[in-house]
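One letter stands for each residue in the lines below.
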Amino acid sequence: MVMFTAPKGVPEYFPPRSAAFLAVREALSAPAQHAGYEYVELAVFEDTGLFVRGVGESTDVVSKEMYTFTDRGDRSLSLRPEGTAGVMRMVVEQRLDKGALPIKLWYAGPFFRAERPQHGRYRQLQQVGIEAIGIDDPALDAEVVALADEAYRMLGLTQFTLNLTSLGCGACRPEYRERLTAFLDSLELDEATRERAALNPLRVLDDKRDEVQSKLIDAPLMVNHLCADCSDHYDLTREYLRAQGVLWTEAPRLVRGLDYYTKTTFEFNHPLLGAQSGIGGGGRYDGLMASIGGDSLSGIGFGLGTDRTLLACEAEGIDVVQGPRIDVFLVPIGSAARLVAVRTLAQLRAQGVRCDMSFGERAMKGAMKAADRSGAPVVLIIGEDEIEAGVVTVKNMEDGTQSTVPLTDVVTFVSSKAQIIPSERQHRS
RNA sequence: GUGGGUGUAGCUCAGCUGGCAGAGCGCUGCGUUGUGGUCGCAGAUGUCGCGGGUUCAAGUCCCGUCACUCACCCCA
């Protein structure tokens with residue numbers, strides 16, 4: 001017999017953790033939804049050329065981590081390794097850029113990178129992302145960063161950090177890049193590092209090794225060589241962040257792996273996640289739309305890692321899912337009671353009460369055990385005695401007390417009671 | 001792609017210099033013929049990852065292989 005397993009590096013979520021995953025995904029997008037961002041459902045695979053031109057041919061993500069295949073029409077397609085390029089393609093293709101600006105969009109779903117799996121690093125990874133396109137205003141940079149910060153804080157995370165910098169633009173970065181290259185050429189570096197420097201010298205700046213970092217103390221930094229436009233933009237962005245009470249660390253050596261980033265760039269990290277500590281990141285990408293054949297519209301956005309954020313919550317001991325998953329559980333004993341239970345269950349659900357019942361010919365003991373495992377705080381027992389008396393026994397599972405309610409009143413009685421239960425477990429403020 | 005670690009019950013793991021396959025949790029039943037959770041008692045569950053070798057004897061030692069995992073790299 002063959003035993004099938006999920007492909008390597010694909011995290012799956014099943015009860016009870018799947019509920020936490022869902023709650024994290026909801027929490028990550030909630031602040032953006034409150035801020036007017038609208039949902040988009042994107043293609044999960046795209047023309048390979050979109051990522052080559054948009055994300056950048058020299059990036060690791062595109063050059064060696066894409067799942068690329070040829071379809072029956074000999075088209076080269078790739079599973080999306082990130083979301084921004086696809087959003088920009090949609091905006092250009094659907095002419096969304098001809099409407100009101102800025103275009104504010106959010107998305108969520110799986111992305112794919114053929115990497116060696118590790119704690120928090122998966123081949124199928126889940127992200128929640130937002131993009132604000134078409135207006136080059138530092139207030140939007142600040143909004144995007146603040147929405148990510150708000151999402152993490154809403155979940156109850158306290159230990160994450162925000163690293164922020166500016167990567168400059170097409171006007172000032174090439175000059176800086178030359179300066180940095182000249183500096184790196186003057187150092188004695190190992191071959192792998194030299195190759196990295198040739199491909200993207202900025203990448204060398206965030207090398208983790210102390211022996212490399214010690215040589216970089218005097219390295220020129222982008223933030224000290226910004227043009228007037230980039231410098232003003234960064235100053236205003238920080239002023240607006242301060243105005244919203246967002247705290248951050250200046251990270252002049254922060255580098256991102258995707259070529260399209262310009263100006264404001266940021267990364268959220270969590271110290272309890274090990275090597276893969278980035279729980280979210282993003283930045284401005286003013287040249288991206290033009291590079292894939294659209295107008296020269298600016299944009300800024302983030303991608304937040306749903307898997308890693310869940311890991312971060314677990315590492316901080318946060319219960320993302322609070323309270324029971326249902327409010328009421330029905331325990332019918334005997335066929336007459338079962339009919340009553342099926343009808344009552346439907347009526348309760350129509351009232352919006354979350355409820356379930358014991359299925360199968362279970363004896364009272366087994367049915368009560370099922371009731372207990374459901375987590376429902378209230379159990380309705382419907383047996384032969386109750387049927388005969390025209391009542392339902394209502395049991396409080398926390399203190400074990402019970403009372404009888406006429407069958408005709410039970411839906412009203414329970415639904416008014418169920419209204420109270422959710423308020424007892426409101427989200428932290 | 002490179003390096004390290006680990007594979008034993010559903011889960012978490014113990015098993016010493018080779019000598020009868022174990023614990024906790026969970027699961028099932030009973031204590032209570034209409035009451036869960038707590039408590040007590042009883043019970044079920046193994047290709048010791050897989051293949052080969054050494055040995056009277058291998059979960060244990062050796063070789064190979066696969067899987068998982070941590071780190072490099074990269075990134076969410």
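Because the structure is predicted, anything quoted here is derived from the model rather than measured.

A. Spotlight on the protein's contact with RNA strand B. The local shell around RNA strand B holds 45 residues, among which His119, Arg256, Gly257, Asp372 and Asp385 are the closest. Residue isoleucine 279 places a main-chain N or O atom 3.0 Å away from a sugar or linking oxygen belonging to RNA strand B. For the surface near RNA strand B, the elements supplying multiple residues, two or more each, are strand S6 (124-133), strand S10 (278-284), strand S11 (299-305), helix H14 (364-374) and helix H15 (384-389). Considering each element in turn, the surface near RNA strand B owes the most residues, six residues, to H14. A breakdown of the residues in the surface near RNA strand B according to their chemical character gives nine nonpolar, 15 polar and 21 charged.

B. Expanded view of the packing of aromatic side chains. Counted under the stated rule, the structure contains ten aromatic pairs. Ring geometry for phenylalanine 160 and phenylalanine 268: centres 6.1 Å apart, planes at 55°, overall tilted. Of this pair, phenylalanine 160 sits in the loop between helix H5 (138-155) and strand S7 (161-166) while phenylalanine 268 is found in strand S9 (residues 262-269), placing the two residues 108 residues apart along the sequence. Note on phenylalanine 160: relative accessible area 12%, which makes it buried.

C. Layout of the pairing of strand S4 (residues 76-79). Of the pairings in the sheet, the one linking strand S2 (residues 45-47) to S4 comprises three bridges and is antiparallel in character. Within S4, the position partnered with aspartate 47 by the bridge is leucine 77. Note that strand S3 (residues 68-70) and S4 share three bridges and pair antiparallel. Bridge pairing links phenylalanine 69 to leucine 77 in S4. The turn joining S3 and S4, which pair antiparallel and follow one another in sequence, is formed by five residues; a positive phi near 65° is taken by aspartate 74.

D. A look at the nonpolar core. One finds Ile133, Leu184 and Leu216 to be the most contacted residues of the largest nonpolar core, which totals 48 residues. At the level of secondary structure, the elements contributing two or more residues to this core comprise helix H2 (48-54), helix H3 (60-64), helix H4 (84-93), strand S5 (103-112), S6, helix H6 (173-185), helix H8 (201-204) and helix H11 (288-291). At six residues, H4 tops the list of elements feeding residues into this core. With residues up to four places along the chain from it excluded, the contact list for leucine 216 reads Phe183, Leu184, Leu187, Val204, Leu205 and Arg253. With 44 residues, the next largest nonpolar core counts Ala20, Tyr37, Ala148 and Tyr234 among its residues.

Conventions adopted
Residue numbers here run from 1 along each chain, matching the order of that chain's written sequence. By the order in which they are written, chains take letters starting at A while ligands take numbers starting at 1. Totals for whole chains, interfaces and linings use every residue, but because this is a predicted model, local features are given only for residues with pLDDT of at least 70 and side-chain atom pairs only at 80 or more, for both listing and counting. Hydrogens and water are ignored here; the side-chain numbers use all heavy atoms of the structure. If a single non-hydrogen atom of a residue is within 4 Å of a molecule or strand, that residue counts as near it. Within 3.5 Å is the distance limit for a polar contact, defined as a pair of N or O atoms, with the added protein rule that one can donate a hydrogen and the other accept it, and that residues adjacent in sequence qualify only through two side-chain atoms. Secondary structure follows DSSP: runs of H or I at least 4 residues long count as helices, runs of E at least 2 residues long count as strands, and numbering of each begins at the N terminus. Classification used: nonpolar for Ala, Val, Leu, Ile, Met, Phe, Trp, Tyr, Cys and Pro, charged for Asp, Glu, Lys and Arg, polar for all others including Gly. Two aromatic rings, drawn from Phe, Tyr or Trp (for Trp, its six-membered ring), form a pair once their centres lie within 6.5 Å of each other, and the interplanar angle then sorts them: stacked below 30 degrees, edge-to-face above 60, tilted otherwise. Exposure categories follow from relative accessible area, calculated using a 1.4 Å probe and restricted to protein chains: below 20% of the type maximum is buried, above 50% is exposed, and the middle band is partly exposed. Any two strands with at least two DSSP-identified bridges between them are counted as paired. Take the buried Ala, Val, Leu, Ile, Met, Phe, Trp, Tyr and Cys residues and link them wherever side-chain atoms come within 4.5 Å; each set so joined is a nonpolar core. In what follows, a contact means two residues having at least one pair of non-hydrogen atoms within 4.5 Å.

Everything listed is a geometric property; what it means functionally is a separate question.
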